[in-house]
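# Summary of structural features
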Amino acid sequence: AKQSGRDNYQFYTPAMNEQALERLRIEGDLRLALERNEFLLHYQPKIDLRSGEIVGMEALIRWQHPELGMVSPVRFISLAEETGLILPIGSWVIRTACEQTKAWQDAGWGKLRVSVNLSVRQFVQKDLVSSIAAVLKDTGLDADLLELELTESLVMTDVEHAIGILRQLKELGVHLSIDDFGTGYSSLSYLKRFPIDVLKIDKSFVRDITLDADDAAITVSIISLAHSLKLHVIAEGVETQEQLSYLRRHGCDEMQGYLFSPPVPAEQFETLLQQKVDL
Ligand code: C2E
Ligand code: CA
Ligand code: CA
Ligand code: CA
């Protein structure tokens, strides 16, 4: 190409082959990644906006590929979903996150709640509830300290079925959170029928909260909606002090974002636990 820029829509066969090849390669390697122990979890702290204390963390998967280096989940989660590999990978994530959280509790760090992201394939899997019950039993973690982050599209695909599963999960005692709230196809009338605990305001709203009146209005509405439904509300993607102050002022309960810390490996998370945020 003479010129490459965002206005160029030129696709070349060689490039496409290369892309297809990379995909094939990643898919092949993904199959081996679990047994080769190449996955790890990073943890991003969640901070209580009243006390400034770390009250929990989101577990986010990373893939340490032997040649490609650290591969972002953005590059392999959808592929893992398409191939069904998300089932064993997702089980590994839940088990590892619960083990780590119990280890931190046993080490005296108190009752931190860990959240894990759940994909559609996992959600519709028949033995989801029993497998989570088994992990809690094996690791000894209180059900109360595990939170599942679900997206709106995940629960809206088959509402009646979803409500059934959510009820069983609630009976187990785990917390349920709606991730990326406001970005998906959600229906407010269903919201009250879902036995959920938390709404998570998507980072696309948080980003321009202090610059864009619409994003600010949406955020404030989500906070007030959550509270009137007696739900907790957390904001993700908090990067600036201004965003933090705005969220606090409007009664948001918790936040997570680069302002305090990006997701970090477990050893580094322990260092964070020794700190408290100045609000
Ligand atoms: P998500 O669940 O919405 O996770 C939040 C993403 O925002 C994470 O990206 C996190 O690193 C990033 N982030 C955190 N703070 C900030 C901030 O202040 N600013 C900005 N711009 N970004 C921030 P990450 O780790 O690359 O994960 C991307 C997505 O991959 C996740 O989005 C989630 O949908 C998926 N994912 C990650 N781990 C898992 C997993 O174990 N299972 C499943 N099913 N999906 C996962
Ligand atoms: Ca999430
Ligand atoms: Ca999110
Ligand atoms: Ca997201």
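Each remark here, short or long, concerns the structure printed above.
Presented here is an overview of the structure given in this document. All values reported here derive from a predicted model rather than from experimental measurement.

## Quick look at helix α10 (residues 213-228)
For α10, with 16 residues, the first-to-last C-alpha span of 22 Å sits near the 22 Å given by 1.5 Å per residue. For α10, the full list of buried residues reads Asp215, Ala216, Thr219, Ile222, Ile223 and Ala226. In an axial view of α10, the angular spread of the buried residues amounts to 125°, which keeps them on one side of the axis. Looking at α10, the residues exposed on the side facing more than 90 degrees away from the buried face are Ala213, Asp214 and Ser228. Those residues of α10 hidden inside the fold are in contact with β6 (175-181), β7 (198-201), α9 (203-207), β8 (232-235) and α11 (241-249). Capping the start of α10 is the job of one residue whose side-chain oxygen sits 2.7 Å from the backbone nitrogen of Asp214: Asp212. Of the residues one or two after α10, Lys230 is the one with positive phi, at around 60°.

## What to know about the environment of Pro262
Locating Pro262 in the fold gives a position in the loop between β9 (254-255) and β10 (264-265). Apart from the residues lying within four places of it in its own chain, the contact partners of Pro262 are Tyr43, Gln44 and Pro45.

## Describing the site of ligand 1
Near ligand 1 lie 21 residues; those nearest to it are Gln44, Arg62, Asn117, Glu239 and Tyr258. Measuring from a nitrogen atom of ligand 1, one finds a side-chain N or O atom of Gln44 at 3.0 Å. Between an oxygen atom of ligand 1 and a side-chain N or O atom of Glu58, the distance comes to 3.3 Å. Contact with the protein chains covers 82% of the free accessible surface of ligand 1, which is 800 Å². Applying the majority rule of atoms within 2 Å of the grid points places ligand 1 in the largest pocket. Elements represented by at least two residues in the shell around ligand 1 include exactly β2 (54-65), α2 (73-83) and β6. When residues of the shell around ligand 1 are assigned to their parent elements, the largest contribution, 4 residues, is made by β2. Each residue belonging to the shell around ligand 1 can be placed in one class, and the counts come to 9 nonpolar, 5 polar and 7 charged.

## Some details on the pattern of salt bridges
Applying the stated rule across the entire model yields 17 salt bridges. A salt bridge links Asp138 to Arg95; the shortest N-O distance between them is 3.2 Å. Residue Asp138 is found in helix α5 (residues 128-139), and its partner Arg95 is found in helix α3 (residues 86-109); the two are separated by 43 residues along the sequence. Residue Asp138 is classed as exposed on the basis of its relative accessible area of 54%. For Arg95, a relative accessible area of 32% puts it in the partly exposed group. With its nearest N and O atoms 3.2 Å apart, the salt bridge here joins Arg193 to Glu160. Residue Arg193 is found in the loop between α8 (188-191) and β7, and its partner Glu160 is found in helix α7 (residues 159-172); the two are separated by 33 residues along the sequence. One continuous salt-bridge network, built from bridges that share partners, spans Lys46, Glu58, Glu147, Glu149 and Lys200.

## A few points about the coordination of the calcium ion (ligand 2)
Looking at the calcium ion (ligand 2), one finds its protein donor set to be Glu58 (OE), Asn117 (OD1), Glu149 (OE) and Asp179 (OD), positioned 2.2 to 2.3 Å from the metal centre. Positions of the donor residues of the calcium ion (ligand 2), expressed as sequence spacing, correspond to E-x58-N-x31-E-x29-D. The distance between the calcium ion (ligand 2) and the calcium ion (ligand 3) is 3.8 Å, with Asp179 acting as a donor to both metals. One end of the pair, Glu149, is in strand β5 (residues 146-151); the other, Asp179, is in strand β6, and 30 residues separate them in sequence.

About the criteria used
Residues numbered from 1 in each chain as written. Chains lettered and ligands numbered in written order. Predicted model: local features only at pLDDT ≥ 70, side-chain atom pairs only at ≥ 80, totals over all residues. Heavy atoms only, no water. Helix = DSSP H or I, 4+ residues; strand = E, 2+ residues; numbered from the N terminus. Expected span 1.5 Å × (residues − 1). Buried < 20%, exposed > 50% of the residue type's maximum accessible area, 1.4 Å probe, protein only. Arc of directions from axis to C-beta. Contact = heavy atoms within 4.5 Å. Polar contact = N/O pair within 3.5 Å; in protein donor to acceptor, adjacent residues only side chain to side chain. Near = heavy atom within 4 Å. Areas by Shrake-Rupley, 256 points an atom, 1.4 Å probe, with all protein chains shown as cover. 1 Å grid on protein atoms, 1.4 Å probe; cavity = no way out; pocket = protein on both sides within 12 Å on 5 of 7 lines; lining within 4 Å. Sits in = over half its atoms within 2 Å of the grid points. Nonpolar A, V, L, I, M, F, W, Y, C, P; charged D, E, K, R; others polar. Salt bridge = Lys/Arg side-chain N within 4 Å of Asp/Glu carboxyl O. Donors = N, O, S within 2.8 Å, 3.2 Å for Na, K, Ca; no water.

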